[in-house]
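# Working through the structure, step by step
Single-letter residue listing:
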Amino acid sequence: MDEKTEEISREGKYLTFSLGTEQYGIGILKIKEIIGMMPVTALPQAPDYMKGVINLRGKVIPIVDLRTKFAMPTQAETERTCIIVVEVAGRGTQCLTGLVVDGVSEVLNIKSEQIEAHSSLGDLHSESVLGLAKMESGVKILLDIDQVINSETSAALQLAA
Amino acid sequence: MNSTTSKKMTIKTLLKMAFGLAALITLVIGSVSYFEFNNTQATTDEILSKEAPLLMDTESLVAGLLTLRRYEKDFFLNIGNPEKQASYLKKHTEDVTVNMELLDKMIAMVKSDKDLTDKEAQVFVTLKKDLNDYNVGFLQVVKQVQEDQSITPQQANKLMAPIKQNIHDMETALPEQEKAIKSMFTDNATEMLSAARTAKLIIAVMAAIGFAFIVATGVLINRRILRIIGDVTKNLSESSHQINGASAQIASSSQVLAEGASEQAASLEETSASLEEISATTKQNAENASLANTMMQEASSTINTTGETISTLSASMIDIAQASKETSKVIKTIDEIAFQTNLLALNAAVEAARAGESGAGFAVVADEVRNLAMRAAEAAKNTALLIESTLEKVNAGSALMEKTGVAFSGVSESVQKVGSLVSEIAVASNEQAHGISQVNKAVTEMDQVTQQNAATAEESASASEELSAQTEAMRSITEDLIAVVGLNRDVANDRTAQHTRSAETRRQKTRPNLLPKRAAAQRFIPLDADDDFVDFAAKA
């Protein structure tokens, strides 16, 4: 993929959500649906970011605590805590995964000129970050959710950083 | 004689004793004289009434007997002449009767005379018997002669011989008796004379003793009375001077007292005026306190009402808080609904995006829905904030209300206390006003008393002046007394001069001061002769 196509491919609609003080964005086509917080069944011997599983209309889907995943201090659930169900491409199949976030914000249509390429961020390992969207309401961190979920090491690397 | 009344006799006793003794002496002299003269009189009486008549009667009897014998002879010599015989017989009989009566009288006299014994009386009884026998015999002879006229006088005389013996007995007895009576008469007279002499002597002696005693007593009494009166006069004079000084002091004191009383009266009037002012103030106080009490009661009821209002308000605020909570719940529900709507709108947006170009319109709708949801959420959030703020304010207000309520109940208690205090003050003020009016009354009475005091003091001053005049009079009386008693004028003047000295010198009554007095006294009382007076002078 050349530079241009990458640029183009990044342009589009993003669902933004808050995590701590930061705003993140996920490409809207990755999103399956947004649900409110519901009881999570914890799994034994799962990594600490794996909160557990939920039964979503007959389908059991794993739930990832994105705060833990991003090595942020945990926080008690609020009324605004939501689960964003995303389709993650992993191990050859599309599988659904729930992401626990502090709250969903809005669907933004972000232009390519508003996006700063992650290469400008220097040595920072940024496989999970697509780029940074410079919006009027603030900078949104656009996540490559596949990378976030699949790169087991990303969390460890981020921890090391 | 240090004291004329205690150690020695008083004038009264002295006079009593002297006059008593004089009377006694008079009585004794009189009694002795009386008894002596009585004796003399009795003796004289005896002589006059008994012994003299007896003597005279005896002589008469002797004469009578001689006459009797003459008539007897005449009778017998006239024998043959019956007329003369009858005349002589008759005379004879009469003479016998007279002599018999005389003898009876003498017997009675002798019996009543205590000096004569029964034996002497018997002499007269015998005499009477002899006379009687003679008469009987004579009458028998007369009878014989009358029967026989031939009897001669010689014969008749013979016949009379035995009978004449009786007359002879009488003629011998009578002189003896007369002699005895005469001797008794002489004895009595002698006795009487001797008694009279004795009486004269006794009376003379008694009179001499009485005179001497009365003169002595008189001198003694005179001396003592003079001394006593001198002392009394001196004391009286001194006393009058002292009284004079004292009355002067009383006069000045009374004057001072009167002035003081007047000042006091003035002060009391001022006090009275002040008290009236205080009384008025106190009454004002009482009225104000009553007014304050009423106002405090009103305030108390107002505070109670306010307290109730605060309670109601507090309840209302609690209600408001409740209502706010309810509203908050509703707002939460609205917020949840808005959140869910937002989620739904986001999901719709996600679906629209997936639908690509065909979902573009739907995406717009979803966006609009999401906007509405956001606005609803925003509104709910604002409302929730407002309600929270309201709640906070209501809570704060409620707390303040509670505090206010507590404060008000405190205020209410305070107001009640103040009210009771004010009512007590009102009562106390009334009592005080009453007390002050009583005090005022008392002060008025005191004022009257003080004015009376002032008047009394003035009266006292005038009375003391009167007293001074009286003492002056007393001094003149004392001088008169001195003159009357017989002290000479110089002495009196000396004493007066001495007593008119100032009070200071009068109080310094030392012995040297007494010396002139004594010298003055010596002019009329011979002090040197009386050790007692020296003693008195030393002790006085």
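Since the model is a prediction, treat every value here as computed from it, not as a measurement.

Along chain B, the regular secondary structure elements total nine helices and zero strands. Reading chain B from its N end, one meets helices and strands in the order α-α-α-α-α-α-α-α-α. Evaluated residue by residue, chain B yields a buried proportion of 19% over its 540 residues. Once local pairs closer than 6 in sequence are excluded, the contacts in chain B between residues at least 24 apart make up 83%.

Before going further, it helps to spend a moment on the overall build of chain A. Counting secondary structure elements, chain A contains four helices and eleven strands. By the burial criterion, 30% of the 161 residues in chain A qualify as buried. Long-range pairs, those at least 24 residues apart, make up 53% of the contacts in chain A with a sequence separation of at least 6.

Quick look at the interface of chain B and chain A now. With nine residues of chain B in contact, the opposing surface of chain A contributes 13 residues. If one sorts the elements of the side of chain B that touches chain A by residue count, helix H4 (residues 153–355) of chain B sits on top with eight residues. Broken down by class, the residue content of the side of chain B that touches chain A amounts to six nonpolar, one polar and two charged.

Now for the packing of H4(B) against helix H5 (residues 360–485) of chain B. Residue and element names in this part refer to chain B. Close contact between H4 and H5 brings their axes to 2 Å; oriented N to C, the two are set at 175°. The orientation of H4 with respect to H5, classified from their angle, is roughly antiparallel. Here the contact of H4 with H5 is built from residues that sort into 71 nonpolar, 54 polar and twelve charged.

All right, on to the sheet that holds strand E11 (residues 138–143) of chain A then. Residues and elements named next belong to chain A. In spatial order, the strands read E8-E1-E2-E11-E10-E9; together these six strands make up an open sheet with mixed pairing. The sheet is open, and its two edges are formed by strand E8 (103–110) and strand E9 (115–117), each paired on a single side. On average, adjacent strands in this sheet sit at an angle of 35° to one another, irrespective of strand direction. Inspection of the sheet shows strand E10 (residues 129–135) paired to E11 by six bridges, in the antiparallel sense.

All names here are of chain B. An ideal rise of 1.5 Å per residue puts 99 Å on 67 residues; helix H1 (residues 11–77) measures up with 94 Å between its terminal C-alpha atoms. Approximately 35° is the largest bend angle found in H1, and it occurs at isoleucine 47. Those residues of H1 that fall on the buried side of the exposure criterion are Lys50, Glu51, Leu54, Thr58, Leu61, Leu65, Leu68, Tyr71, Glu72, Phe75 and Phe76. Next to the buried residues of H1 lie helix H2 (82–112), helix H3 (118–147) and H4.

Another aspect to go through is the confidence of the model for chain A. Residue and element names in this part refer to chain A. When pLDDT is averaged across chain A, the result is 81; 80% of the residues are at 70 or more. Taken together, the stretch residues 1–8 has pLDDT below 50 and engages in three contacts with residues farther than four places along the chain or on a different chain. Here residues 153–161 scores under 50 on pLDDT; set against residues more than four positions off or in separate chains, the count is eleven contacts.

Below, the discussion takes up the confidence of the model for chain B. Residue and element names in this part refer to chain B. Here chain B averages 79 in pLDDT, and 87% of its residues register 70 or above. Below pLDDT 50 for its whole length, residues 1–7 participates in 13 contacts with residues either more than four positions away or in separate chains. Predicted confidence is poor over residues 490–540, with pLDDT under 50, and the contacts of this stretch with residues over four places away or in other chains come to 50 contacts.

With that settled, consider the pairing of strand E1 (residues 12–19) of chain A. Residue and element names in this part refer to chain A. Sheet topology places E1 next to E8; seven bridges connect them, and they run antiparallel. Residue pairing across strands places leucine 15 opposite valine 107, the latter belonging to E8. Linking E1 back to strand E2 (residues 22–27) in an antiparallel pair, the connection comprises two residues, with glycine 20 at a positive phi of about 65°.

Moving on: unusual backbone geometry. Residue and element names in this part refer to chain A. If you check the backbone angles, arginine 57 has positive phi at about 45° while not being a glycine. As for its placement among the helices and strands, arginine 57 is situated in the loop between strand E4 (50–56) and strand E5 (59–65). Looking at arginine 57, the number of C-beta atoms within 10 Å reads 7, which means it is exposed. In the Ramachandran plot, alanine 71 falls in the positive-phi region, its phi being about 55° despite a non-glycine side chain.

So, about the nonpolar core. Side chains that are nonpolar tend, in soluble globular proteins, to be buried together. Within the largest apolar cluster, 47 residues are counted, with the highest numbers of intra-cluster contacts made by A:Leu15, A:Ile26, A:Ile84, A:Val101 and B:Ala349. Of the residues forming this core, the biggest block, nine residues, is contributed by H4(B). The residues touching A:Ile84, leaving out its near neighbours within four places in the chain, are A:Leu15, A:Phe17, A:Ile26, A:Ile31, A:Ile34, A:Leu99, A:Val101 and A:Val104. Of all hydrophobic cores here, the second largest spans 26 residues; its members include B:Leu89, B:Met106, B:Leu131 and B:Val145.

Rules of the game
- Residues numbered from 1 in each chain as written.
- Chains lettered and ligands numbered in written order.
- Predicted model: local features only at pLDDT ≥ 70, side-chain atom pairs only at ≥ 80, totals over all residues.
- Helix = DSSP H or I, 4+ residues; strand = E, 2+ residues; numbered from the N terminus.
- Buried ≥ 20, exposed ≤ 12 C-beta atoms within 10 Å, placed from the backbone.
- Contact = placed C-beta atoms within 7 Å.
- Nonpolar A, V, L, I, M, F, W, Y, C, P; charged D, E, K, R; others polar.
- Axes fitted to C-alpha atoms, helices over the stretch in contact; angles between N-to-C directions.
- Parallel < 35°, antiparallel > 145°, perpendicular 65-115°, else oblique.
- Pairing = 2+ DSSP bridges.
- Expected span 1.5 Å × (residues − 1).
- Bend = angle between axes of the 7 residues up to and from the residue.
- pLDDT = per-residue confidence, 0-100.
- Core = buried A, V, L, I, M, F, W, Y, C linked by C-beta atoms within 7 Å.

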